[in-house]
Structures are given as structure tokens and as C-alpha cells.
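Fold and geometry: a report
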Amino acid sequence: MEDRPSSTAPENSADELQRAVRRGELVPYYQAEYDLASGRPVVFEALSRWLHPERGLVMPDRFIAIAERAGLIGDVGRTILVQAGRRVADWHRRGRRIGLAVNVSPSQLRPEFASSMVEFVRALGLPDWTVTAEITETPALSETCEEVETMQALIAGGIGVSVDDFGSGFTSLEALERMPFTEVKIDRSLMRMPGSETDALALAAVAVAKVRRAIVVAEGIETARDVDRAKAWGCDRGQGFFFSRAVPAEQIERLLAAV
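Below: a short report on this structure. Along each chain, the written sequence defines residue order, and numbers are assigned to residues from 1. In keeping with the predicted nature of the model, local features appear solely for residues at pLDDT of at least 70, side-chain atom pairs appear and are counted solely at 80 or more, and the whole-chain, interface and lining totals rest on all residues. The side-chain values count all of the structure's non-hydrogen atoms but skip hydrogen atoms and water molecules.

**Quick look at the nonpolar core**
In this structure, F44, M117 and F181 are the most contacted members of the largest nonpolar core, which totals 60 residues. Note on contacts: a residue pair is in contact if any heavy atoms of the two residues lie within 4.5 Å. In this structure, M117 is in contact with L81, V102, V131, A133, L154 and I159, ignoring residues within four places of it in sequence. We define a nonpolar core as any set of buried Ala, Val, Leu, Ile, Met, Phe, Trp, Tyr and Cys residues linked to one another through side-chain atoms lying within 4.5 Å. Think of it in three bands: with a 1.4 Å probe and only protein chains considered, a residue is buried below 20% of the maximum accessible area for its type, exposed above 50%, and partly exposed in between. Judged by nonpolar contacts, the second largest core, of twelve residues, contains L26, W50, I64 and A67.

**Comments concerning the packing of helix α4 (residues 111-123) against helix α5 (residues 145-156)**
Each pair of packed helices can be summarised by the angle the axes make with each other and by the distance between the axes. Where helices are involved, their axes are fitted lines through C-alpha atoms of the stretch in contact, as for all axes, and angles between N-to-C directions lie from 0 to 180°. Secondary structure elements are defined from DSSP: runs of H or I of at least 4 residues count as helices, runs of E of at least 2 residues count as strands, and each element is numbered from the N terminus. Packing of α4 against α5 leaves a shortest axis separation of 8 Å and a crossing angle of 15 degrees. Relative to α5, the element α4 is oriented roughly parallel. The hand of the α4/α5 crossing is right-handed. Within the contact between the two elements, α4 uses P111, F113, A114, M117 and V118 and α5 uses E146, T150, A153 and L154. Among the residues making up the contact of α4 with α5, the classes are represented as seven nonpolar, one polar and one charged. Any angle that falls under 35 degrees is termed roughly parallel, while one over 145 is termed roughly antiparallel, one within 65 to 115 roughly perpendicular, and all others oblique. It is the rotation of the near helix from the far one that decides the hand of a crossing: anticlockwise by less than a right angle makes it left-handed, clockwise makes it right-handed. Throughout this entry, Asp, Glu, Lys and Arg are counted as charged residues, while Ala, Val, Leu, Ile, Met, Phe, Trp, Tyr, Cys and Pro are counted as nonpolar. The remaining residues, Gly among them, count as polar.

**Here's the deal with the packing of aromatic side chains**
Put simply, two rings from Phe, Tyr or Trp (the six-membered ring, in Trp's case) pair if the centres are within 6.5 Å, and we call them stacked under 30 degrees between planes, edge-to-face over 60, tilted for the rest. In this structure the tally under the stated criterion is five aromatic pairs. Measuring from ring centre to ring centre gives 5.7 Å for W50 and F63, while their planes differ by 90 degrees; the resulting arrangement is edge-to-face. Of this pair, W50 sits in strand β2 (residues 41-52) while F63 sits in the loop between β3 (56-58) and α2 (64-70), placing them 13 residues apart in sequence. Residue class for F63 comes out buried when judged on its relative accessible area of 0%. Their ring planes at 80 degrees and their centres at 5.3 Å tell us that F242 and F243 sit as a pair that is edge-to-face. In this structure F242 comes out as partly exposed when scored by relative accessible area, which is 39%. Linked through ring pairs, Y30, F44 and W91 together constitute an aromatic cluster. In our convention, an over-ring charge means Lys NZ or Arg CZ found within 6 Å of a ring centre and within 35 degrees of that ring's normal. Between R245 and the ring centre of F241, over which it is positioned, the NZ or CZ distance is 3.9 Å.

**Thoughts on the pairing of β2**
In terms of residue burial, β2 counts as a mostly covered element, since ten of its twelve residues are buried. Two strands are said to pair when DSSP picks up at least two bridges between them. For strand β1 (residues 26-35) and β2, the ladder comprises nine bridges, and the chain directions are antiparallel. Looking across to β2, one finds that L26 is bridged to W50. Connecting β1 to the antiparallel partner β2 that follows it, the hairpin turn spans five residues, and G39 within it adopts a positive phi of roughly 75 degrees. Two elements, β2 and β3, share three bridges in a ladder whose sense is antiparallel. Along β3, the bridge assignment pairs H52 with G56. Hairpin geometry of β2 and β3 is characterised by an intervening segment of three residues between the two adjacent antiparallel strands.

**Quick notes on the environment of A204**
Tracing the backbone shows A204 in helix α8 (residues 196-211). The sequence separation of A204 and W233 amounts to 29 residues, and the corresponding C-alpha distance is 9.1 Å.

**Observations regarding the pattern of salt bridges**
Any two side chains of opposite charge can pair if their charged atoms end up close together. Between Lys or Arg on one side and Asp or Glu on the other, a salt bridge is scored when a side-chain nitrogen of the former is within 4 Å of a carboxyl oxygen of the latter. The final tally for this structure, using the stated rule, is 17 salt bridges. For R188, the salt bridge identified is with E222, shortest N-O distance 2.8 Å. Placement of the pair is R188 in helix α7 (residues 188-191) and E222 in the loop between β8 (215-218) and α9 (224-233), with a sequence separation of 34 residues. By relative accessible area, which is 23% here, R188 ends up partly exposed. A residue is classified by how much of its surface remains accessible, and E222, at 32% relative accessible area, is partly exposed. The salt bridge partner of D236 is K210, with a shortest N-O separation of 2.7 Å. With D236 in the loop between α9 and β9 (237-238) and K210 in helix α8, this residue pair connects regions lying 26 residues apart in the sequence. Classification of D236 by relative accessible area gives partly exposed; the value is 25%.

Listed below in C-alpha cells is the structure:
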């Protein structure tokens, strides 16, 4: 997940957020993941934004915690999935075989969530592995039987499962080895930390992922040197401001046309 904190902190209430969901004020912005070998965008991560009628663009760090506390995170996630899923299905119909990643809170990892997500993606006519559920807020992931079984059900239904924030201090190699996943995202904090110990941790995560035949994405790519480092670690993809910031859907069309 490649968002940055907002510069302002509006006081958003749960009631206001609930109204925003009903009024269609929550929309996805898209940040690309680039294939490091070809230099092409292959996946777009849908990041939630609140187009507030008075405050303008509100970043998710100002409302996701409210959604979690108020039990609205499922509504927020569903709103973003529906919009982004339909957009990607349209791209596929026009010959653009682009993947989609959507953020999923651990609190959503219930059997009914897996079945509804698989059903929605199949109804769109998207091929297996087009959509990836990116498990966010890994400190909250308790790895209960229900959570693990939900991740397994997603994978069985052709939905990718990405473990986010590896190396941020929350997801250990031991935990990674216990989780079902098809992708690992190396946290941007590792990219900002030079040194042999950091490289060793990243290389170990890549090794675990490769045993599972999983994809590895390096977050926080901001310079050409970061690209070289991600390649040296053995990462498959990169994401960060060096490639693209999160942009609205209409700008994606121009980005795709340029490659």
C-alpha cells in the first residue's frame, strides 16, 4: 500500500462517512505496479479517496481508522472494489490485460467475504489471478483459523492474496511462512534503510516467496538506484513515486497509452 499521510486532519465522524458511502463520495485512485524486467505497468492498486464536498480530496489515513471503529470498513472496501473492478473489466474488454489490487482489512477476512469477492470477480468475467486482495494493517492480522481459511478460499477461487508491509516490524519471516499468499510486498521502510542486514531480510523474504512461486513487489521506489536495489533483491515488480503516484482513472488511460 503506497499512500502517504494527509497534510491536514479533518474531523470526520462515522455518520459523515456513512453518508459519504451512500452518496458515492468514495472513489478509487490507482497506483501502478511496474514489472521490473519490462518496465511496463502490470497491476493497478486501487487506493480509496474521499471526495469531500467541502474539504476536497481526503486521504485514507483520515478516515480508514474511523471506518474500522464504526464497522464501516466492509462498506468502504466494497465501494472501492465495485468501482475498480468494473473499470478493470472495461480495460480487459478493450484488450488491456491489467491486474487489480484492492486493500482488504483483516477484519474483513471472513468466509462470506471470500465467497462474495470471488462471485463478484467471476460475474465481471475477469480471468483468475486478475484481482489480488492486499491484506493491510498486518499488525491486526492474528492468523486465526478463520482468517487463514478465508485467505485460502480466496486463492482457491482465483483471487490473489498479497501480504503487505513485510519488513515494517509487524510481519516476521516466521509469520510469512505460516500464511497462505501469492504475493509479498516489501515495505517501503526497507528501501529507505541501507545496509547488509536490510538486504539480508529482503533476500530472505524473496526466498520464502519464491519457494511458494509467489510474486514479490518492492514498495517505496523513488529513484533509479531503488530500482537497481529491488532487482538485486530479486523482486518482480516495483511500486512508488519513481514510476507513478496514485491518480484518478482518467489519467490511467494516458499512462497506458504511453507504454
